[in-house]
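The primary structure of each chain is shown beneath.
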Amino acid sequence: MLKVYITDLSAYNQGFLEGKWVDLSISEEELSNEIKEVLENGAKVCKETNHEEYFITDYEFETEYKLFKVEEYSNVYELRNRVEELEMLSDEDLKRVSYLIDHLSYKFEEALEKYEDVTIYENMTLKDVVEQYIDETVDFSNIPEIIANNIDYDSIARDWEISGEFESIDGDVYHYVN
């Protein structure tokens, strides 16, 4: 889900780019070993005995969703823990988390708590969602045909959008009940 390029800071300051790509879906122990290897290689290149500091010089999310910031001095163990939390989620759940972060400005932790409150209607317009909702919830057998045939779906869709509970984004409709 997330790869970071971990670079030996001391070697970098001496003009050497010594580092490696590390997939953060590994265990904490494996991550420690990867960092140790980068720092040992950096010390060898610089002909020194011990390097202790590293930083992130690049990163790649392997999903279309960038759910949190990655910065030069981000704690890679915290990033690894976030990746671990996200790996348990389906693609649709990741899309829900992304919606809360990108469109409603939730923090990562809050979005993980609230993503189940988001319903996504994929490849639908808000009018389609209104029509589906009315078809599923209204018993048309008890309504005169003249009324049933004149329901203003566009107006209801507009009212739902104004309510702030529904939002159309890239061909999908998001419904968030706060």
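Refer to the structure printed above.
Each value, and the rule that gives it
- Residues numbered from 1 in each chain as written.
- Predicted model: local features only at pLDDT ≥ 70, side-chain atom pairs only at ≥ 80, totals over all residues.
- Heavy atoms only, no water.
- Helix = DSSP H or I, 4+ residues; strand = E, 2+ residues; numbered from the N terminus.
- Rg over C-alpha atoms; globule rule 2.2 N^0.38 Å.
- Buried < 20%, exposed > 50% of the residue type's maximum accessible area, 1.4 Å probe, protein only.
- Areas by Shrake-Rupley, 256 points an atom, 1.4 Å probe, with all protein chains shown as cover.
- Lys, Arg positive; Asp, Glu negative; His and termini not counted.
- Charge placed at Lys NZ, Arg CZ, Asp CG, Glu CD.
- Pairing = 2+ DSSP bridges.
- Axes fitted to C-alpha atoms, helices over the stretch in contact; angles between N-to-C directions.
- Contact = heavy atoms within 4.5 Å.

Undergrad: Any chance you could explain the overall build of the chain here in plain terms?
TA: Within the chain, the secondary structure is distributed over eight helices and six strands. When the elements of the chain are put in sequence order from the N terminus, they spell out β-α-β-α-β-α-α-α-β-α-α-α-β-β. Taking 2.2 N^0.38 as the reference for a compact globule, 178 residues should give roughly 16 Å; the C-alpha atoms of the chain span a radius of gyration of 25 Å, well beyond that estimate. Residue burial in the chain is summarised as follows: out of 178 residues, 39% are buried. If you sum the accessible surface of the chain, you get close to 11,000 Å²; carbon and sulfur atoms cover 43% of it. The distance from the centre of the 15 positive side-chain charges to the centre of the 46 negative ones in the chain is 7 Å.

Undergrad: Whenever I open this one, the sheet that holds strand β3 (residues 54-61) confuses me. Can you help?
TA: Pairing between the strands of a sheet comes from backbone hydrogen bonds, and it takes one of two forms, parallel or antiparallel. Pairing in this open sheet of three strands is antiparallel, and the strands run β2-β1-β3 from one edge to the other. A single partner strand is all that each edge strand has here, and the edge strands are β2 (19-23) and β3. Taken pair by pair, the neighbouring strands of this sheet meet at an average axis angle of 25 degrees, ignoring direction. Two elements, strand β1 (residues 2-8) and β2, share five bridges in a ladder whose sense is antiparallel. When the sheet's bridge partners are listed, I6 is paired in β2 with K20. Seen against the sheet, helix α3 (residues 76-87) touches β1 and β3 and runs at an angle of roughly 25 degrees to β3.

Undergrad: Looking at this structure, how should I read unusual backbone geometry?
TA: Note on backbone geometry: most residues besides glycine have negative phi, and most peptide bonds are trans. Backbone geometry at K47 places phi at a positive 55 degrees, although glycine is not the residue there. Tracing the backbone shows K47 in the loop between α2 (28-45) and β3. Backbone geometry places D170, a non-glycine residue, at a positive phi of 50 degrees. Topologically, D170 is positioned in the loop between β5 (166-169) and β6 (172-176).

Undergrad: Explanation requested: the side chain of T7 in the structure shown.
TA: One can find T7 in strand β1. Since its relative accessible area comes to 0%, T7 is described here as buried. With residues up to four places along the chain from it excluded, the contact list for T7 reads Y12, L17, E18, G19, V38, E53, Y54, F55 and T57.

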